[in-house]
Amino acid sequence: MLSKRIIACLDVRDGAVVKGINFEGLRSAGDPAALARRYNREGIDEVVILDVTATIEKRKALARTIHAVAQEIFLPLCVGGGIRDEEHADAAIEAGADKVSLNTAAIARPELLTALARRYGSQAVIVAIDAKREGGGFRIYVRSGQQATERDAIEWAREAADRGAGEILLTSIDRDGTKRGFDCELNAAVSEAVPIPVIASGGAGTFDHFFDVFTEGKADAALAASIFHYAERAVVDLKRHLRDRGIPVRMLQGWKAGGDGATA
């Protein structure tokens, strides 16, 4: 079985990391580069930067943030938020991103996924899906969760995979920032519908929430923000907890099998 990935999300506004609840009430959580440095040291598997208030005027500032974070880590870096075309994707890659994440633009122009997959390879193209429970299904929202669409999350995930996306970043708006646990039903439904990895996002509050989404939710990776940003939970302790419960995770070189710390 492939190792399950633990991913830290940096929601960035005006050069600072912020976090809210249900996509609202954002508060500062620190400097992106400093947080990325800590996560790299603690053994996180990947980092995602999402520009939550992307504008044309602020793109140079975002490029500086991407570059600063990329200098601090030696692991995959994904960037999303306001990537509307190939030019924006090029700028993110040139600044240091390994992957780009598309949400609103992918819904508006699905053919963009195919174009980017051909340009960079599917492994570099992530489709972000922000979904909310409605009418017995999961409706997709765009523009940072502010605008409802007519698209169903499961159907769109299938189409995105067919068009060349390499992964799905699936966020439950209902659970975002609540620490009540991932929406395992949503994640399982999408994971079973597509042949590509699904990253679960929204709701992490305890170590068992990660275990649940890897088992019940069938996720390939789990992304979190608050519990890492505010040092409420340590990445090393989370990975040990998962490993001890039979979930395969990548351990830092030098960690002792008995779980009593790194030797280097």
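Structure: above.
So, how was this worked out
- Residues numbered from 1 in each chain as written.
- Predicted model: local features only at pLDDT ≥ 70, side-chain atom pairs only at ≥ 80, totals over all residues.
- Heavy atoms only, no water.
- Axes fitted to C-alpha atoms, helices over the stretch in contact; angles between N-to-C directions.
- Helix = DSSP H or I, 4+ residues; strand = E, 2+ residues; numbered from the N terminus.
- Left-handed = near helix turned anticlockwise from the far one by under 90°.
- Contact = heavy atoms within 4.5 Å.
- Nonpolar A, V, L, I, M, F, W, Y, C, P; charged D, E, K, R; others polar.
- Buried < 20%, exposed > 50% of the residue type's maximum accessible area, 1.4 Å probe, protein only.
- Pairing = 2+ DSSP bridges.
- Phe/Tyr/Trp six-rings, centres within 6.5 Å; stacked < 30°, edge-to-face > 60°.
- Lys NZ or Arg CZ within 6 Å of the ring centre and 35° of its normal.
- Polar contact = N/O pair within 3.5 Å; in protein donor to acceptor, adjacent residues only side chain to side chain.
- Salt bridge = Lys/Arg side-chain N within 4 Å of Asp/Glu carboxyl O.

## What about the packing of helix α6 (residues 153-162) against helix α7 (residues 184-193)?
(1) Moving on: Put simply, α6 and α7 touch, their axes get as near as 9 Å, and they point 35° apart. Viewed along their axes, α6 and α7 form a crossing whose handedness is right-handed. Listed contacts from α7 to I154, A157 and R158 of α6 are A189, V190 and A193.
(2) Moving on: The class makeup of the residues in the contact of α6 with α7 is five nonpolar, no polar and one charged.

## As for the pairing of strand β10 (residues 167-172)
(1) Moving on: With six of six residues buried, β10 is to be regarded as a mostly interior element.
(2) Moving on: Side chains of β10 alternate between two faces, with E167, L169 and T171 and I168, L170 and S172 buried alike.
(3) Moving on: Both strand β7 (residues 125-134) and β10 contribute to a ladder of six bridges, which runs parallel. Across the sheet, the residue bridging to V127 is I168, located in β10.
(4) Moving on: Sheet topology note: the β10/strand β11 (residues 198-201) ladder contains four bridges and is parallel. By the bridge assignment, T171 is partnered in β11 with S201.

## Digging into the packing of aromatic side chains
Here a ring pair, both rings aromatic, is described through the centre-centre distance and the interplanar angle of the planes.
(1) Moving on: Under the defined criterion, the tally for this structure stands at one aromatic pair.
(2) Moving on: For K132, the ring lying beneath its charged end belongs to Y141, and the centroid distance is 4.7 Å.
(3) Moving on: Looking at R245, its charged tip hangs above the ring of F211, at a distance of 3.6 Å from the centre.

## Brief notes about α7
(1) Moving on: Within α7 the residues assigned to the buried category are C184, L186, N187, A188, V190 and S191.
(2) Moving on: The N-terminus of α7 is capped by D183, whose side-chain oxygen sits 3.3 Å from the backbone nitrogen of E185.

## Notes on the pattern of salt bridges
(1) Moving on: All chains considered together, the criterion is met by 21 salt bridges.
(2) Moving on: Across the salt bridge formed by R5 and E167, the nearest N and O atoms sit 2.5 Å from each other. On the criterion of sequence distance, the pair formed by R5 in strand β1 (residues 5-13) and E167 in strand β10 is long-range, its members being 162 residues apart. Across this residue pair, the class does not change: R5 and E167 are buried.
(3) Moving on: Measuring nitrogen to oxygen at the nearest pair gives 2.9 Å for the salt bridge that ties D90 to R119. Here D90 is found in helix α3 (residues 86-95), whereas its partner R119 is found in helix α5 (residues 111-120), with 29 residues between them in sequence.

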